[in-house]
Amino acid sequence: MTLPKHELIDGKVIRHEQIGSNDVYLLDIDIFTDAEQYAAGQFVQLQVPDGEILLRRPISIADVNGTRIILIYRAIGKGTKRLTRVQCGDTVNILAPLGHGFNLDCQKPLLVGGGLGIAPLILLAKRFKGKADILMGCKNAAEMDWPVKMYDNITAENIITTDDGSMGLKGFTAQHLPDVLAKKAYDKIFVCGPEIMMKSVAEIAKQHNIACEVSLEKRMACGLGACLSCTIETTRGRQKVCKDGPVFVSQEVFFNE
Amino acid sequence: MSNISLKTEIAGIKMNSPIMTASGTFGFGEEFADFVDFNKLGASVVKGTTLKPRSGNKGVRITETPAGMLNCIGLENPGVEAFLQDILPRIKKYNCPVIVNISGNTVEEYGELAKMLDVPDVAAVELNVSCPNVKEGGIAFGVEPDSMSRVIESAKKNTNKPVIIKLSPNVTDIVMMAKAAEKAGADVISLINTLMGMAIDVNTWKPVLGNITGGLSGPAVKPVALRMVWQVRQAVKLPIIGMGGIMNATDAIEFMLAGADAVAVGTANFVQPDIINKIYDDLEKYLKEKNLTNIKQIVGKLQA
């Protein structure tokens, strides 16, 4: 078994700001090492700089820029709420890169993102150099503010849905997916978002006979495949989300439906 | 620091340092190969192993708690045969003693496991008689001295390797359990396993963990573990491996002063995957500062 090389890195916070109405923050960290080598879909384990928070927090890599990585997270629990207090210039320790990213092997990709799941698809869209489309959904127009800005000019087409119809199409991404698939000949779907949404998208992809990759999220402690907090049942036997994922072929993980 | 030695020996197992890993927190060791200098690790105690593969518990398996974490992995492991055939040949290259933590559903299963693991590349077996997260089997071997003794005897009869008994802190009298373990023929005592605990989500009114209860580890349990090591040291002659919330060299030194011949690092591996190296380096510095040359010089030296 060859494991990818992991590193503990002391990074310096370059930018840290709230970008979303629902406690969504952007953390831009200089890690003084080539971040362009990281694959879209990989993640880091970030140590919240406070003795009170014990375990590292897994956060997906939203984007990279030279030696910098962009993390987009939601301050939802004790650890991430404490993380919001980190200041520009502060040092944060990260364990990176972790997991396996998306397999970019396709001609016409469709990205489907829901809520915070829109974030890790940014780097994926950039790696597709403008040939990907994205179907992205949030609760309302306010929550869609940062995704609209982030996806300005990195995709061929952006299709927006909001639960309340305050921006773009009304409803969930999965509801509009069949229409989107009817318009263009996509050969692969990449999805990240709430599990219920990913399952719906995966099911539609299967019906249309289109390849689909999903990025899973699970509680984890080590991020290295040791603690077995994040193992899941798959058609290939038990797999670790942190090491074997977080990206999986949808039919390998959503096989009960 | 060439005149300073961290080398030690427990039940005939020669170790480069008194620093070991706690089962379940270090995988099979290879997961930490990018970070840990195996020359600094005394022994690698690998993931709890059972006769048959186990997929572990469903639902949420970990949650952070104040200064600690709860886990209910439920002994997920590939089974002893896969360990012997696939994993052991891979991890022997680290040249670090491998100790296998074993769990059985019956007294006989411990013997069977001990026998199968009596192979050249395994240094010892550690008996897990107190996994708080496994329901089947019905017998909590580790909370009752007679059943624990039968488990120890079963293992001892079937292997020539040292047998380590890992004591559960979830008992009324840890000293009584330690004495029973010594009488039953255990070669080494390790303590403590996790403390049974739970967490509740006040929004959903549901337990946080899929298994409802889990094992508490991390800095929160250290004072309890330290006290138990100290009490057991005074009651038995067997070598002791102390563990429970060791996050740094200072914690390790406390356990050794209390009477531990070696220490095991657990939860800290999750927080800082290269923590073994750091504790090793800091133990060397400590000996130098104290004008000591050998780590054994601090064992049991608590002046109480």
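Rules of the game
- Residues numbered from 1 in each chain as written.
- Chains lettered and ligands numbered in written order.
- Predicted model: local features only at pLDDT ≥ 70, side-chain atom pairs only at ≥ 80, totals over all residues.
- Heavy atoms only, no water.
- Helix = DSSP H or I, 4+ residues; strand = E, 2+ residues; numbered from the N terminus.
- Rg over C-alpha atoms; globule rule 2.2 N^0.38 Å.
- Buried < 20%, exposed > 50% of the residue type's maximum accessible area, 1.4 Å probe, protein only.
- Contact = heavy atoms within 4.5 Å.
- Areas by Shrake-Rupley, 256 points an atom, 1.4 Å probe, with all protein chains shown as cover.
- Lys, Arg positive; Asp, Glu negative; His and termini not counted.
- Charge placed at Lys NZ, Arg CZ, Asp CG, Glu CD.
- UniProt positions renumbered as here; feature names shortened; annotations may be inferred.
- Salt bridge = Lys/Arg side-chain N within 4 Å of Asp/Glu carboxyl O.
- Domains from an automatic or database assignment.
- Buried area = accessible area lost by both parts, 1.4 Å probe.
- 1 Å grid on protein atoms, 1.4 Å probe; cavity = no way out; pocket = protein on both sides within 12 Å on 5 of 7 lines; lining within 4 Å.
- Pairing = 2+ DSSP bridges.
- Axes fitted to C-alpha atoms, helices over the stretch in contact; angles between N-to-C directions.
- Patch = residues over 30% accessible without salt bridge, like charges linked within 9 Å, V, L, I, M, F, W, Y side chains within 5 Å.
- Nonpolar A, V, L, I, M, F, W, Y, C, P; charged D, E, K, R; others polar.
- Points joined across faces, edges and corners; volume = space filled by probe spheres on them.

Some thoughts on the overall build of chain A
For chain A, the helix and strand inventory stands at six helices and 15 strands. Relative to the compact-globule value of 18 Å for 257 residues, chain A shows a C-alpha radius of gyration of 18 Å, a close match. Relative to its 257 residues, chain A shows a buried fraction of 56%. Of the contacts formed within chain A by residues at least 6 apart in sequence, a portion of 62% connects residues at least 24 apart. By element, 47% of the accessible surface of chain A is carried by carbon and sulfur atoms, the whole surface being about 10700 Å². Positive and negative side-chain charges of chain A, numbering 30 and 30 respectively, have mean locations separated by a distance of 3 Å.

A few points about unusual backbone geometry
The residue after alanine 96 of chain A, namely proline 97 of chain A, is reached through a cis peptide bond having omega -15°. Relative to the elements of secondary structure, proline 97 of chain A occurs in strand β6 (residues 91-98). Cis geometry is adopted by the peptide bond preceding isoleucine 192 of chain B, which originates at leucine 191 of chain B and carries an omega value of 15°. Here isoleucine 192 of chain B shows up in the loop between β10 (188-191) and β11 (195-198). A positive phi angle, near 60°, is found at aspartate 23 of chain A, a position not held by glycine. Take aspartate 23 of chain A: it is sitting in the loop between β1 (7-20) and β2 (24-30). Even without being glycine, isoleucine 212 of chain B reaches a positive phi, approximately 70°.

Side note on the UniProt feature "binding site: FAD" (unreviewed entry) in chain A
Residue and element names in this part refer to chain A. Under the present numbering, the feature "binding site: FAD" (unreviewed entry) in UniProt falls on Arg57, Pro58, Ile59, Ser60, Ile72, Tyr73, Arg74, Gly79 and Thr80. As for its position among the elements, tyrosine 73 is in strand β5 (residues 68-74). Beyond its immediate chain neighbours, meaning those up to four positions away, tyrosine 73 contacts His16, Asp23, Val24, Tyr25, Leu27, Ile59, Thr80, Leu83, Thr84 and Leu116. With respect to the element layout, glycine 79 can be found in helix α1 (residues 78-83). Contacts of glycine 79, omitting those with residues within four sequence positions, involve Val48, Ile53 and Arg57.

Some words on the pattern of salt bridges
All names here are of chain A. Using the criterion set out here, one finds 26 salt bridges over all chains in the structure. The closest approach of N and O atoms between lysine 149 and aspartate 145, which form a salt bridge, is 3.0 Å. One end of the pair is lysine 149 and the other is aspartate 145, both in helix α3 (residues 145-150) and four residues apart, which spans about a single turn. Assessed through its relative accessible area of 34%, aspartate 145 is described here as partly exposed. Salt bridges here are not isolated pairs; linked through shared partners, they connect Arg15, Glu17, Asp28 and Arg68.

A short note on the domain arrangement of chain A
Residue and element names in this part refer to chain A. By the assigned domains, chain A splits into domain 1 (7-98) and domain 2 (109-215). Computed from C-alpha coordinates alone, the two centres of domain 1 and domain 2 are separated by 24 Å. Listed as interface residues are 18 residues of domain 1 and, on the opposing side, twelve residues of domain 2. Taken together, both faces of the contact between domain 1 and domain 2 bury some 1300 Å²; the carbon and sulfur share is 61%. Our count for the contact surface shared by domain 1 and domain 2 stands at one salt bridge.

Observations concerning the UniProt feature "binding site: [2Fe-2S] cluster" (unreviewed entry) in chain A
Residue and element names in this part refer to chain A. Within the UniProt annotation, "binding site: [2Fe-2S] cluster" (unreviewed entry) is assigned to Cys222, Cys227, Cys230 and Cys242. Despite a sequence span of 21 residues, these residues sit close together in the fold, their greatest C-alpha distance being 10.1 Å. For the largest cavity, the lining residues drawn from the annotated set are Cys227. Inspection of the secondary structure assignment puts cysteine 230 in the loop between β12 (211-215) and β13 (231-234). Not counting residues up to four positions away in its chain, the partners in contact with cysteine 230 are Lys218, Arg219, Met220, Gln239, Lys240, Val241 and Cys242. Of note, cysteine 242 is situated in the loop between β14 (237-240) and β15 (247-249).

Description of the sheet that holds strand β4 (residues 57-65) of chain A
All names here are of chain A. Pairing is antiparallel in the closed barrel, where six strands are placed in the order β1-β2-β5-β4-β3-β6. Put simply, the sheet's adjacent strands are angled 45° from each other on average, direction ignored. As judged from the six bridges shared by β1 and β6, these two strands associate in the antiparallel manner. Paired with isoleucine 9 across the strands is isoleucine 94, a residue of β6.

Digging into the side chain of threonine 49 of chain B
Residues and elements named next belong to chain B. Mapped onto the elements, threonine 49 comes out in strand β4 (residues 44-49). Classification of threonine 49 as buried rests on a relative accessible area of 1%. Sequence-distant contacts of threonine 49, that is, excluding residues within four places in its chain, are made with Asn77, Gly79, Val80, Val100, Asn101, Ile102, Ser103 and Leu113.

A closer look at a nonpolar patch on the surface
Where nonpolar side chains cluster on the molecular surface, the patch consists of Met198, Ile200 and Ile212 of chain B and spans about 300 Å² of accessible area. Tracing the chain through its elements places isoleucine 212 of chain B in the loop between β13 (206-207) and β14 (213-217).

Comments concerning the interface of chain A and chain B
Each side of the interface is counted separately: chain A has 29 residues, and chain B has 30 residues. Taken over both partners, the interface formed by chain A and chain B buries close to 2500 Å², and the fraction arising from carbon and sulfur atoms is 60%. At the surface where chain A touches chain B, the tally comes to two salt bridges. Across the salt bridge formed by arginine 57 of chain A and glutamate 64 of chain B, the nearest N and O atoms sit 2.9 Å from each other. Looking at the side of chain A that touches chain B, the elements with two or more residues in it are β1, β13 and β14 of chain A. Its residues placed into classes, the side of chain A that touches chain B shows 15 nonpolar, five polar and nine charged.

Let's talk about the sheet that holds strand β6 (residues 68-71) of chain B
Residue and element names in this part refer to chain B. Ordered in space as β5-β6-β14-β11, the four strands form an open sheet in which the pairing is antiparallel. Whereas interior strands pair on both sides, the edge strands pair on one side only; in this sheet they are β5 (62-65) and β11. With direction set aside, neighbouring strand axes in the sheet form an average angle of 40°. Direction of pairing for β6 relative to β14: antiparallel, over a ladder of three bridges. Within β14, the position partnered with methionine 69 by the bridge is serine 217.

Focus: empty space enclosed by the protein
Residues and elements named next belong to chain B. Inspection of the entire model under this criterion finds three cavities of 30 Å³ or more. Size it by volume and the largest cavity reaches roughly 520 Å³. Taken together, 37 residues make up the lining of the largest cavity; nearest its centre are Ser23, Thr25, Asn71, Asn193 and Thr194. Listed by contribution, the elements that provide at least two residues to the lining of the largest cavity are β4, β6, β14 and β16 (262-265). Its residues placed into classes, the lining of the largest cavity shows 17 nonpolar, 18 polar and two charged. Considering only enclosed or pocket space, the second largest cavity measures out at about 40 Å³ in volume. A per-class count over the lining of the second largest cavity returns six nonpolar, two polar and no charged.

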